[in-house]
Each structure stands twice: as C-alpha cells, then as structure tokens.
Amino acid sequence: MEQEKLVLLLDVGPSMHGVLSEVEKLCSMLVEKKLIFSKYDELGVVVFGTEESKNDLTTEVGGYQNITVLQDIKVVNGDLVDTLQKLPRGRVDGDWQNAIQAASFSAYCCIVGSLTSVVLDAIVVGMDMLIKKYKDLHKGKKRLCLITNAIHPIKDSFEGSKEDQVMTIAEQMAAQGMKIESIVVRGRLSRDANKGVMDENDHLLSIFSKKTRTRIVYVDTPTSLLGALKTRRVTPVTVFRGHLELSPQMKIKVWVYKKTQEEKFPTLKKYSEKAAASNKLATHQVKVSYEYKSVDGSSTSVIPPEQRIKGYRYGPQVVPISTAEWDAVKFKPEKGIKVLGFTDASKIKRHCYMKDVYLFIAEPGNTRATLAVSAIARAMKEMNAVAILRCVWRQGQQNVVVGVLTPNISQNYKIVGFYLFSLHLSLEFPDSFYFNVLPFAEDVREYQFPSFNSFPASWQPNDQQQKAADELVQMLDLAPSGKEALLPEFTPNPVLERFYRHLELKAKQPDAAVPPLDETLKNIVEPDPELVAENKSVFDALHRHFELRQNPKLKKSSRQWYQEKQSGSNAHVSSGQAVNSIENQPPVKIEKIGDLTPVQDFEAMMSQRDNPEWVEKAIKELREKILALLIHSDEGDKYQKAVECVAALRKGCILEQEPGPYNDLMHHIRQYCEEKGIKSLPQLLASRDLTLISKSEAEDSDVTAEEARSFFVKMEPKPDV
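A few points on the structure. These numbers were taken from a predicted model, which means no experiment stands behind them. (Residues numbered from 1 in each chain as written. Predicted model: local features only at pLDDT ≥ 70, side-chain atom pairs only at ≥ 80, totals over all residues. Heavy atoms only, no water.)

Thoughts on the overall build of the protein chain
Turning to step 1, where the next piece is worked out: A count of helical and extended segments in the protein chain gives 24 helices and 17 strands.
Turning to step 2, where the next piece is worked out: Buried residues in the protein chain amount to 40% of all 721 residues.
Turning to step 3, where the next piece is worked out: Sequence separation of at least 24 residues holds for 70% of the intrachain contacts in the protein chain that already meet a minimum separation of 6. (Helix = DSSP H or I, 4+ residues; strand = E, 2+ residues; numbered from the N terminus. Buried < 20%, exposed > 50% of the residue type's maximum accessible area, 1.4 Å probe, protein only. Contact = heavy atoms within 4.5 Å.)

Right, dumping it as structure tokens:
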C-alpha cells in the first residue's frame, strides 16, 4: 500500500452546520483507519467559511479570507482525531471555488488576485501546502478531498470566465501530480437552493474530475456521507496476466484485477508488557515457537526439523507421509484461463455468485487485444450471453476456479470508424468483463422449505393473513420508488465502523465501557422510523390478523429433562433456583440418539444447524433405532415406542423434504410384518395415519396420494405357521 499525502478541505459554513457532526465522524474515522492500516500516511486539514483567516497565503500575498489551516501536513496521530472531532462552526457561506484555489502555490502564481471564491481559494491553499511540503516528489500520491454542499454562487473573476479559472487550477494540479476528490452533500440542505447555481457548480467541479481523473460523489443522507469517503486505499495488483484462451488458435492477452474485496477485521496481535517502560526500542511483540521431543525411551532431546515427518490418523494408526510423497500426488494444474463455452445469461442465477468479483481488461497498450475484448463483449451483450471460464491464476495453484464472465460495456467507448475486419475505437474507457466464481456441486447448499399445503387446514393462512403478509414484505422494499435507500457503495459496514470507534475510545480510556450504537449506524441496522411511521396501517393490519401467543409446551432435550429431575430431587436447592441454573447453562449438543428418549434426541439433533450433516445423521440413527425396536420386541412390547419414533421420523422427513429414507423404512416394515405374520403393528401405524409420504407432502416423493392411502390395504400378513 502506497503512502498517501492528503489534505482535507472542509466546508464549515452555516449551510453545512446540519451535517458537520457527520463530517466529523467521517474524517475522524479516516484517521483512525490510517492509524491501523497506513500509520505513515500524512494528512492536513483546511476549513473554509470561518470568520478568521489563518493560512500562509493570507500572510504572504494577501486575500484568501475565511480560510483556516487547522492542521499542517504531518504523519497521522491520535491528536489529529481530536482535532477532527471538534470542527469549528463558521459564519461565512463557503464558496467552494476559493477552497480549491487555495491549494496550490503554482496555481496561485497564475491566478492570484483574480478569484474571489472561498472554495477555490481553499483549494489553492491546500495545493500550496502540498507543493511547499513535497515540491515535485510523490507525484500521484498527493490528494485533496473537498467536502461541501456547493449551493452558493461563485463570483465572477477579474480575468477570464469561471471555466477558464477552474481549468487553469485543474491543469496546474495535474502538472503537480495531484488529484482532487469532491464529496457534495445535498439532500435536505439543498431544498431551498438555486438549481441554476448548483448546476453551474456541478459543471465546474466536473472539470476537476476530468482533469485529475477522480470522482465526484453526491450524497443526500448522513448514512451515505459516512460511506462516501474511501478510508482505505489499496493499490490494485493484477491477479493474472496472460492469455484468455477461446480456442487453441485464438487467444487474447488480458490482465485480471480484483474488483471487490471483503473488508475484514484488522489482525490483532499479542502484546507483551514484560519490556521495561523506559525501553523505547521495545516492540512488545510476542513470538511463539514450538519444540518437538520424542516420547519413546528416556531421551528428551529436541528433534530437528529435518528429522520430522507429518503423520495422519487412519483409524487407530498414524500413517507418516513425507513432503515428497505429498508433492507427488498433489493436483498441479497449468496456469491459464480457458473458455469452456457460452450460455444464456438467464441460466446463471445471481445468488450462485461466490467470493469476490474480478475485472478482466485487455492488456494496456495492446490495441489488438482491446479490439478483440470489445468485439466479444459487445457480441455477448447483444446476444444476452455469458461465458463459462476455467481459471488457474498462478502456476502451482492447487485448485481450479470455474466462473461466469459477464460483459461490461463502457458508456464512453465510442466507435469512430469502420475498416475491413477491424474497428477503430476510442480507447480511453475500453470495454471489459466482470468475473464471478460459481460453486461446484459440493458447494451448493439448497435449503428447501416445506409448503403450507403439507400442514393441516387449521394451520393454513387465510386470504386476509396472506394479504397482510404480502403488504408487509412490499413495504420493506429498500427501493420502492426506484431509488435505493442503502446503496452498497455508500453504506459502510456497521460492525467494522463500531469496532474502530470503540478501539479509538479504548486507546484513550482503557476502562471505558462499550458506547451505545451511533445514530447514523442505527439507520443501517434498525428499521427507518419514518418508513415505519408512514406504514403504520400495514403493521396494524398484521397485528389484527395474526394472534401471537406464548407456547407453554417448550420442548426440552433429554439431558435437560434429566438435569431438571436431578435438581428436583435435591433437598437443598429450590425449584426456582434449579430452573434458573438450567436456563443459564449453554445448550447441550446431542450427538447420538439414545435409548431413553429417542424422539426428543432426534428432534434436538434435527434442530442443530451448525453443520448440515446433523439432519442426515439424525434420520439415519432414528431409522436404525426403529428397526432395532421391532427386532428386539417381545410379543409387541416395544411396538408403541417404535410407532412414536416412526411418527417423529415422518414429521422430520416432511419438514426437511427428505421422503426417501422414511418411505424405504415403511416398505421394509411392511415386508418384515408380512414375513413374520404381524398384524398389530400395521394396525397401530394405520390408526396414527402413518402412511407413505406422498408427492403432495414432499416434492421429491414419487408416491401419489392414492398409493399412500392404500399402503396398509396392500399389506396381507402371512398366516402364522
């Protein structure tokens, strides 16, 4: 990650007072993350719209009023966080043009005395700070960040038009290797503003964006403002450079980058307090080392690394496998990207995408590759097709990635001429592809939920209940009018944001308690109060049609039931204390169906969702338990218990949409009863309506309702011999 030289240009005028608290959070969060991830970055702070003026250009050449340098450029530290959390409230309307102009002394040399806009002046002050500090060094790493609402008019300059003045500053910034990023806060603040003024300001800001190749971000809520400034800037690194192979005869040179990446918690390292406080060179790092010793004989000498070998358990034995043997059997695919084929885009569902998104671009500077990528991308877009790729990013990679390639057509990529067998295109914004990883068969997790049709009629929702539920779901839409409420690119991760704020608080106050959730973050994790208030009738309708009652019959596992029995027999512990002690204990995981309460154990195993294998294991063990009860039954003494287990198994298989194991068991029971001439067990099963699971109850079943009803009728036990 490259070290960044950043100057914040903050509008603190009266029209920005309503969002300055959010600006403080945003900027302090920027510094907090830099302290963790980029502690050598340097940052300065300039505010405009203040009554006083405090900057070098005011002293040196005059002018540049209402601009204050809160913090000179220096390495980020904890004091800078305190500075940004207490921004001044200015009394002068912030003119963004003066802010930009104040950023560079070189730009000032060209336009001094001709501009009267506070924002442009502030930009020149910021540029001046960067030039004086770094001169011609660190080109491409110097950045300005302007935060304003840009709703106030810019005064005319004495020389040339406003566009000419902005163009002059932008060109000077580009020559100095500087970039400027603009965050424009509108929303409620701009309801009474002049639209013509805002349009003019937006046009002038776009000149900076084009000249310095940066973005303009428009935000209208405190939440979107919190996610507008990218607090971590990671230099893109290619994942792959090579050929995209469509066939052995047709290959295109491409570069592959990561388009998105999950932001994770910072790595927390162990800290040692053993070093003396006076030792300023102490790193306080904790290093862990391991020693391997033989347990055979009396020798306790340490075994050197060259004499060690990994062992893997195979039953009761440990099988040693050397590194050379592992390398011999490892799967070693060759590096490369191959197109397996094309398919219609509608066949690839969005929910199948896995992991991060990758960006495929033609090799920079390679015109033929750019033309080829553009031709294929546009043809795929026209045919609504996607490509299926097999990717091995690097040599020696042990796995193969299969994914879908989607065309990304640039809006600014214009065809300027046609020639035989070729196209001449504007190459400033070339076409590209997005790549998403697809799951293999073992990666797919299908959660099949049972239909309401499998439940009794008394459990079925009526028309009024269905309508109330539909209205509730429609009301919770994040984009009811086509404008999404929580845009992904402007919505920060609330868990990470709270973690960084708490970390900064604990650094200053080690004994500080966890602070309450910030109001801005509440807008992300909690329902919008305005939305709830506007749709109060929807909630009222839901309450009218659905009656919520507490279920007094709480299911308990066999172990919990046993603990309650034990606590009830203790004369020294009251029943209330026993219940409380059980409630405070963590839930007990059932790993095997026992003989005492097989039904309760089965239900407990089915409810364990930390591993999908629990369902399969529970069904298999209860099936074996039922067969064991039948085989070891003495004159039918265990039939009743077996029937209870069959009922539980049938219910569980319907809920999980797994009819196969249950129906196979029922066929086995019928065959067993016919061979043994047993009549009482089929009668018990028929009285409980424990027939086969039909297709109406589970989609995967191949049994019709008629076959299920006539299942016991077909059972004709053989007469006793």
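Some remarks on unusual backbone geometry
Turning to step 1, where the next piece is worked out: Located in the positive-phi region is N66, a residue other than glycine, with phi close to 65 degrees.
Turning to step 2, where the next piece is worked out: Mapped onto the secondary structure, N66 falls in the loop between α2 (56-60) and β3 (67-75).
Turning to step 3, where the next piece is worked out: On the basis of relative accessibility, which here comes to 16%, the residue N66 falls in the buried class.

What about the nonpolar core?
Turning to step 1, where the next piece is worked out: In this structure, F602, I626, L649, I669 and L681 are the most contacted members of the largest nonpolar core, which totals 42 residues.
Turning to step 2, where the next piece is worked out: The set of elements that each furnish at least two residues to this core consists of α19 (598-607), α20 (613-631), α21 (639-655), α22 (659-676) and α23 (680-687).
Turning to step 3, where the next piece is worked out: With 10 residues, α21 is the largest single contributor of residues to this core.
Turning to step 4, where the next piece is worked out: Counting 36 residues, the second largest nonpolar core, distinct from the first, contains V118, I131, Y134 and F208. (Core = buried A, V, L, I, M, F, W, Y, C linked by side-chain atoms within 4.5 Å.)

Examining the sheet that holds strand β2 (residues 42-48)
Turning to step 1, where the next piece is worked out: Spatial strand order, β3-β2-β1-β4-β5-β6: six strands in an open sheet with mixed pairing. Here the strands that pair on one side only, and so sit at the sheet edges, are β3 and β6 (216-219). The average undirected angle you get between the axes of adjacent strands in this sheet is 15 degrees.
Turning to step 2, where the next piece is worked out: Judged from the four bridges that link them, strand β5 (residues 178-185) and β6 form a sheet pairing that is parallel. The partner of V184 across the bridge, within β6, is Y218.
Turning to step 3, where the next piece is worked out: Docked against the sheet, helix α8 (residues 195-212) engages β4 (142-148), β5 and β6, running at close to 150 degrees with respect to β5. (Pairing = 2+ DSSP bridges. Axes fitted to C-alpha atoms, helices over the stretch in contact; angles between N-to-C directions.)

Some details on the packing of aromatic side chains
Turning to step 1, where the next piece is worked out: A full pass over the atoms with the stated rule returns 10 aromatic pairs.
Turning to step 2, where the next piece is worked out: Ring geometry for F360 against W393: centres 6.3 Å apart, planes inclined by 55 degrees, an arrangement best described as tilted. Within this pair, whereas F360 is found in strand β12 (residues 354-362), its partner W393 is found in the loop between β13 (385-392) and β14 (401-408), the two being separated by 33 residues in sequence.
Turning to step 3, where the next piece is worked out: With centroids separated by 5.6 Å and ring planes inclined at 50 degrees, the aromatic side chains of F360 and F435 adopt a geometry described as tilted. Of this pair, F360 sits in strand β12 while F435 sits in strand β17 (residues 432-437), placing them 75 residues apart in sequence. Residues F360 and F435 agree in their burial class; the two are buried.
Turning to step 4, where the next piece is worked out: Three or more aromatic residues joined by ring pairs form one cluster here, namely F240, Y358, F360, W393 and F435. (Phe/Tyr/Trp six-rings, centres within 6.5 Å; stacked < 30°, edge-to-face > 60°.)

Some thoughts on the pattern of salt bridges
Any two side chains of opposite charge can pair, on the condition that their charged atoms come close.
Turning to step 1, where the next piece is worked out: For the coordinates displayed, the defined rule picks out 27 salt bridges.
Turning to step 2, where the next piece is worked out: K34 is paired through a salt bridge with D41; the nearest N and O atoms lie 2.8 Å apart.
Turning to step 3, where the next piece is worked out: Between E181 and R143 there is a salt bridge whose closest N-O contact spans 2.7 Å. Here E181, found in strand β5, pairs with R143, found in strand β4; they are 38 residues apart in sequence, far enough to count as distant. Summarising the burial analysis for this pair, E181 and R143 share the class buried.
Turning to step 4, where the next piece is worked out: Within this structure, E4, K34, D41, R143, E181 and R215 form a network of salt bridges that share partners. (Salt bridge = Lys/Arg side-chain N within 4 Å of Asp/Glu carboxyl O.)

Geometric descriptors of this kind do not, in isolation, establish any biological role.
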